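Breakdown of the fold
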Amino acid sequence: MQRRSKLVGRFAPSPTGRMHLGNIWAALLAWLAVRSQDGVMILRVEDLDPERSKKSYSEQLMKDLDWLGLDWDEGPGCGGIFAPYYQSERFGRYDVAFRRLVESGHAYPCFCSREERNAASAPHRGEQTGIISDPCLEMSALQRQIAMDTRCHTWRLHNHGEEIRFIDMNYGDFRHRLDMAQDHVVLKRSDGVYAYPLAVVADDGEMEVTQVVRGSDLLISTPVQLYLMDLLGYERPRYGHVPLLVDVYGHRLSKRQKSLDLGALIAAGWTAEGIIGFLAYQAGFANETAPVKARDLLDRFNWGIIGTQDLVLSEEALAQAR
């Protein structure tokens, strides 16, 4: 049962580099979807990967969000009832969720290399691509125990081909049967680090998140996360996936495109209101590109006008808009 009386949303970035325009786009829409309904906004830092995540990036991230006018009610810097808000400090909570999945038979050790797993899942002519066929699922208890004592392994989610259905706030009715190779996701890496699918579900469930707004590239991963929500006894949040900002080749904007990160945009003369106004125009919340504060868009937020097609963004168009 939810203990909160308000809608609860979150923005959960990974501190692996400076925020770029695509990150800001997702953050703005997630923030507007919460603030337009007088909800609670959580900032959660997804720094699971110790090799790529840096504290300096997370500190810069918070400064950038503050500069853009995208505040939060719970998270680093202000605390909250479900602290801590860095995933790297929440491993004890993931331990509990992981043990429950192991004990219920929904997690299994996988000893396959990536090449072996891909070969095991390769389809025959006329078969659906990627149907799961993992030899590790066929091991006897003795074989599995011997292998666990002698071989490196990950832990994966074991499902039974259940069909998961949900109504996305932007894309509508979505159904997916969990019988594909990618549906047996890694829960725990061979180095002991918990993987994103388990961590994000445990965090959203324990923090009582009721609304998740994020990029459409994560739409296909939602059914697995809902399945995990059900297994762990959490209430399902509502999901709203938004189109991506892509380059002229159709590739999602990334942190490798340094000309579109916030530092480069500021150096080129962009103001916070200018960036927000540009993105408001892309979303359909404004008829032209003009500087605007994020809070001035609250009464304009509308799922019905965001659309579902990715938005092509060229550096030339961005330069002309400045």
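This section reports on the structure supplied with the text.

Cut-offs applied
Residues numbered from 1 in each chain as written. Predicted model: local features only at pLDDT ≥ 70, side-chain atom pairs only at ≥ 80, totals over all residues. Heavy atoms only, no water. Salt bridge = Lys/Arg side-chain N within 4 Å of Asp/Glu carboxyl O. Helix = DSSP H or I, 4+ residues; strand = E, 2+ residues; numbered from the N terminus. Buried < 20%, exposed > 50% of the residue type's maximum accessible area, 1.4 Å probe, protein only. Pairing = 2+ DSSP bridges. Axes fitted to C-alpha atoms, helices over the stretch in contact; angles between N-to-C directions. 1 Å grid on protein atoms, 1.4 Å probe; cavity = no way out; pocket = protein on both sides within 12 Å on 5 of 7 lines; lining within 4 Å. Points joined across faces, edges and corners; volume = space filled by probe spheres on them. Nonpolar A, V, L, I, M, F, W, Y, C, P; charged D, E, K, R; others polar. Phe/Tyr/Trp six-rings, centres within 6.5 Å; stacked < 30°, edge-to-face > 60°. Lys NZ or Arg CZ within 6 Å of the ring centre and 35° of its normal.

Tallied over the full model, the rule gives 20 salt bridges. Between Glu-163 and Arg-177 there is a salt bridge whose closest N-O contact spans 4.0 Å. Here Glu-163 is found in strand E5 (residues 163-168), whereas its partner Arg-177 is found in strand E6 (residues 172-177), with 14 residues between them in sequence. Residue class for Glu-163 comes out partly exposed when judged on its relative accessible area of 43%. Linked through salt bridges whose partners overlap, the residues forming this network are Arg-10, Arg-44, Glu-46, Arg-90, Arg-93, Asp-203, Asp-204 and Glu-206.

Across the sheet, three strands lie side by side as E3-E4-E7; this open sheet has antiparallel pairing. Two strands bound the open sheet, and with one partner strand each, they are strand E3 (107-110) and strand E7 (186-188). Here the average twist between neighbouring strands, direction ignored, is 45 degrees. Pairing geometry for E3 and strand E4 (residues 154-157), over four bridges, is antiparallel. Bridge pairing in E4 places Tyr-108 opposite Arg-156.

Attention shifts here to the layout of surface pockets. Volume-wise, the largest pocket comes out at about 1400 Å³. Lining the largest pocket we find 42 residues, and of these Ser-14, Glu-46, Asp-217, Leu-218 and Arg-252 sit closest to its centre. No other element matches the four residues that helix H1 (residues 21-35) contributes to the lining of the largest pocket. Partitioning the lining of the largest pocket into residue classes produces 22 nonpolar, 10 polar and 10 charged.

Summed over the entire model, instances satisfying the criterion amount to 10 aromatic pairs. With a centroid separation of 6.0 Å and an interplanar angle of 75 degrees, the aromatic rings of Tyr-94 and Tyr-194 are classed as edge-to-face. Placement of Tyr-94 in helix H3 (residues 91-103) and of Tyr-194 in the loop between E7 and helix H6 (196-206) is noted, with a sequence separation of 100 residues between them. Each member of the pair Tyr-94 and Tyr-194 is classed as buried. Among the aromatic residues, those joined into a cluster by ring pairs are Phe-91, Tyr-94, Phe-98, Trp-155 and Tyr-194. Lying over the aromatic face of Tyr-86, Lys-55 brings its terminal NZ or CZ to 4.0 Å of the ring centre.

Moving on, we come to helix H7 (residues 222-232). Counting buried residues in H7 gives nine out of 11 residues, a clear majority hidden from the surface. Among the residues of H7, Thr-222, Pro-223, Val-224, Gln-225, Leu-226, Tyr-227, Leu-228, Met-229 and Leu-232 are the ones counted as buried. Backbone geometry just downstream of H7 places Gly-233 in the positive-phi region, at approximately 80 degrees.

A few words now on the pairing of E5. Look at any regular strand and the pattern is simple: side chains alternate between the two faces of the sheet. Here E5 shows a clear split, with Ile-164, Phe-166 and Asp-168 buried on one side and none of Glu-163, Arg-165 and Ile-167 buried on the other. As paired strands, E5 and E6 are joined by six bridges and run antiparallel to one another. What sits directly across from Glu-163, in E6, is Arg-177. Count of turn residues in the E5/E6 antiparallel hairpin: three residues.

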